[in-house]
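Chain by chain, the residues:
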Amino acid sequence: MIKNKMKVALFLAATMMVGSVNAYAASTESASISKTISAKPEKGIVSYDDQITDLVNRLKPGQMIAYYAADQEFNRTDQIYFASKGFAFTKYTDYLAKSKAMSAPSLTKPAALPKGYTFKNAVVYLKSPERTSSLYKKLDKELKGKAGNGEKFVYSEIMKVNEASAAILNYEKGKVKLQVVASDLVPEQPIGGTPVPQEKPNESKETIVINGVECVYTADSKGRDHLDWVDEEQQIRYSIWAEDVKSDILRYAQNMLAQK
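Keep in mind that what you see is a predicted model, and the values were worked out from it rather than measured.

S.K.: Outline the overall build of the protein, listing residues and values.
M.R.: The number of helices and strands found in the protein is six helices and 12 strands. Counting the 260 residues in the protein, one finds 46% classified as buried. Long-range pairs, those at least 24 residues apart, make up 68% of the contacts in the protein with a sequence separation of at least 6. Accessible surface for the protein amounts to roughly 14000 Å². Of this, 52% is attributable to carbon and sulfur atoms.

Here it is in structure tokens:
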């Protein structure tokens, strides 16, 4: 049960901060830490996962939370994690302005969309500090210091972040949801000394060249398919996600890459 809790919490962190990066610019090194939350269970909130979810739900757009669970079984790597609440926009022009202001990875809507799709919203996700940054080290020291009194609760700090690590455009065609993602490229890291699996039994991959760009299409029998490629500088990963609409994914990619 504890192992499952750890997996859920790490998944939550990864979901909320899509595209965490290795580079954490100087402008965010001075991000303001506004307050501390001791995540003691409130009524109906008893598990670590519930506590973390509760903390994330309190965030405002543009805020990030650094949290630490002082439990060796729950947090075997003994590190702090990050989750954040980015900015969502229903108007594409508003998204473009915010994306530019926060130096988000470039993501432009193609002039032509696959037939039947409409733009629903866009999200700009915040950039998390890398583990070697001075901010991470400061948070690590502070949170572990507060956890040193022996209570097995989640300790956290909320901070305001002014840079982004990912941008997402969401489209719909009836019940079909298509999502386009641009995120700073981060090499996969081993978890607890164990290499991250590169292949999954339910996945099949094929290489497809679109407008001179090598892409990898991953068909997932138990989830959504996705098409991935990286930019020429090997800095940004692009992905298009949808379920059972391969032709639409490829058509969007063709239009998107035709503009480069």
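So that's the structure; there's more coming.
S.K.: Summarise the packing of aromatic side chains; cite the residues concerned and give the values.
M.R.: Under the counting rule described, the total for this entry stands at seven aromatic pairs. For the ring pair tyrosine 92 and tyrosine 95, a centre distance of 5.7 Å and an interplane angle of 40 degrees mean the geometry is tilted. Here the residue tyrosine 92 and the residue tyrosine 95 both occupy positions in helix α4 (residues 92-101), the gap between them amounting to three residues, near one helical turn. A relative accessible area of 0% means that tyrosine 95 is categorised as buried. Ring geometry for tyrosine 92 against phenylalanine 119: centres 5.8 Å apart, planes inclined by 85 degrees, an arrangement best described as edge-to-face. Note that tyrosine 92 is positioned in helix α4 and phenylalanine 119 in strand β5 (residues 118-126), a separation of 27 residues in sequence. Here tyrosine 92 matches phenylalanine 119 in class, with each residue buried. Aromatic rings pair up to connect Tyr92, Tyr95, Phe119, Tyr171 and Tyr252 into one cluster. Geometry around tyrosine 92 places lysine 109 over its ring, the cationic atom sitting 4.6 Å from the centre. Lying over the aromatic face of tyrosine 217, lysine 246 brings its terminal NZ or CZ to 5.0 Å of the ring centre.

Rules behind the numbers
- Residues numbered from 1 in each chain as written.
- Predicted model: local features only at pLDDT ≥ 70, side-chain atom pairs only at ≥ 80, totals over all residues.
- Heavy atoms only, no water.
- Helix = DSSP H or I, 4+ residues; strand = E, 2+ residues; numbered from the N terminus.
- Buried < 20%, exposed > 50% of the residue type's maximum accessible area, 1.4 Å probe, protein only.
- Contact = heavy atoms within 4.5 Å.
- Areas by Shrake-Rupley, 256 points an atom, 1.4 Å probe, with all protein chains shown as cover.
- Phe/Tyr/Trp six-rings, centres within 6.5 Å; stacked < 30°, edge-to-face > 60°.
- Lys NZ or Arg CZ within 6 Å of the ring centre and 35° of its normal.

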